[in-house]
Amino acid sequence: MSLRSNRIAEQMKKELGDIITRKLKDPRVGFVTVTDVDVTGDLQQATVYISALGSEREREDTLKALMKASGFIRTEIGHRIRLRRTPEITFEFDSSIEYGNKIDALLRSLNND
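What you are looking at is a predicted structure, and each value in this text was computed from that prediction instead of being measured.

**A short note on the overall build of the protein chain**
Right, on to step 1. Along the backbone of the protein chain there are four helices and three strands.
Right, on to step 2. Of the regular secondary structure in the protein chain, the N- to C-terminal order runs α-β-β-α-α-β-α.
Right, on to step 3. Based on the C-alpha atoms only, the size of the protein chain along its principal axes is roughly 60 × 35 × 20 Å.
Right, on to step 4. Residues counted as buried form 34% of the 113 residues belonging to the protein chain.
Right, on to step 5. Accessible surface for the protein chain amounts to roughly 7,600 Å². Of this, 49% is attributable to carbon and sulfur atoms.
Right, on to step 6. On the protein chain, the mean spot of the 19 positive side-chain charges and the mean spot of the 18 negative ones are 8 Å from each other.

Structural data, given as structure tokens:
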């Protein structure tokens, strides 16, 4: 990604965290953390990586609620960040935290043996 794409991705990450925690009123959205944002070079699409607490079903409900609210979120991003065209937003789960916890547990079990 270019320098401009990186700056916009970081700004979107900050604003998305604020929008999701303060503006969204959907009860299906639990405790969500925006871990990363990838913006394409032409600034047309953005993939937002999130992590959420809860069971697998609660996490799926959270993802569905965020996808349903993506139009509202995109509008809010458009008001907060001055861009000619606001990127289309898609949400995905960030499995790196779970993967890191799994590796950590494996290493701890090897140390104990």
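**Quick notes on the pairing of strand β3 (residues 88-93)**
Right, on to step 1. Burial along β3 is one-sided: the face carrying I89, F91 and F93 is buried and the face carrying E88, T90 and E92 is not.
Right, on to step 2. Sheet analysis places strand β2 (residues 45-52) next to β3, joined by six bridges and oriented parallel. Paired with V48 across the bridge in β3 is F91.

**A short note on the pattern of salt bridges**
Right, on to step 1. For the coordinates displayed, the defined rule picks out six salt bridges.
Right, on to step 2. Bridged by salt links that share partners, the residues E15, D18, R22, E76 and R80 form one connected network.

**Examining the pairing of β2**
Right, on to step 1. Of all eight residues that make up β2, six are buried, and the element is covered over most of its length.
Right, on to step 2. The pairing of strand β1 (residues 32-39) with β2 spans seven bridges and is antiparallel. Looking across to β2, one finds that V37 is bridged to V48.
Right, on to step 3. Here β1 folds back onto β2 in antiparallel fashion, the turn holding five residues, of which L43 has a positive phi close to 60°.

**Observations concerning the nonpolar core**
Right, on to step 1. Ranked by internal contacts, the top residues of the largest apolar core, which has 27 residues, are M12, V37, I50, L66, I73 and F91.
Right, on to step 2. Looking at this core, the elements with two or more residues in it are α1 (3-23), β1, β2, α2 (56-68), α3 (70-80) and β3.
Right, on to step 3. Element by element, the count of residues in this core is highest for α1, at six residues.
Right, on to step 4. The residues contacting I50, other than those within four sequence positions of it, are V32, T33, V34, T35, L63, L66, F91, E92, F93 and D94.

What counts and how
Residues numbered from 1 in each chain as written. Predicted model: local features only at pLDDT ≥ 70, side-chain atom pairs only at ≥ 80, totals over all residues. Heavy atoms only, no water. Helix = DSSP H or I, 4+ residues; strand = E, 2+ residues; numbered from the N terminus. Buried < 20%, exposed > 50% of the residue type's maximum accessible area, 1.4 Å probe, protein only. Areas by Shrake-Rupley, 256 points an atom, 1.4 Å probe, with all protein chains shown as cover. Lys, Arg positive; Asp, Glu negative; His and termini not counted. Charge placed at Lys NZ, Arg CZ, Asp CG, Glu CD. Pairing = 2+ DSSP bridges. Salt bridge = Lys/Arg side-chain N within 4 Å of Asp/Glu carboxyl O. Core = buried A, V, L, I, M, F, W, Y, C linked by side-chain atoms within 4.5 Å. Contact = heavy atoms within 4.5 Å.

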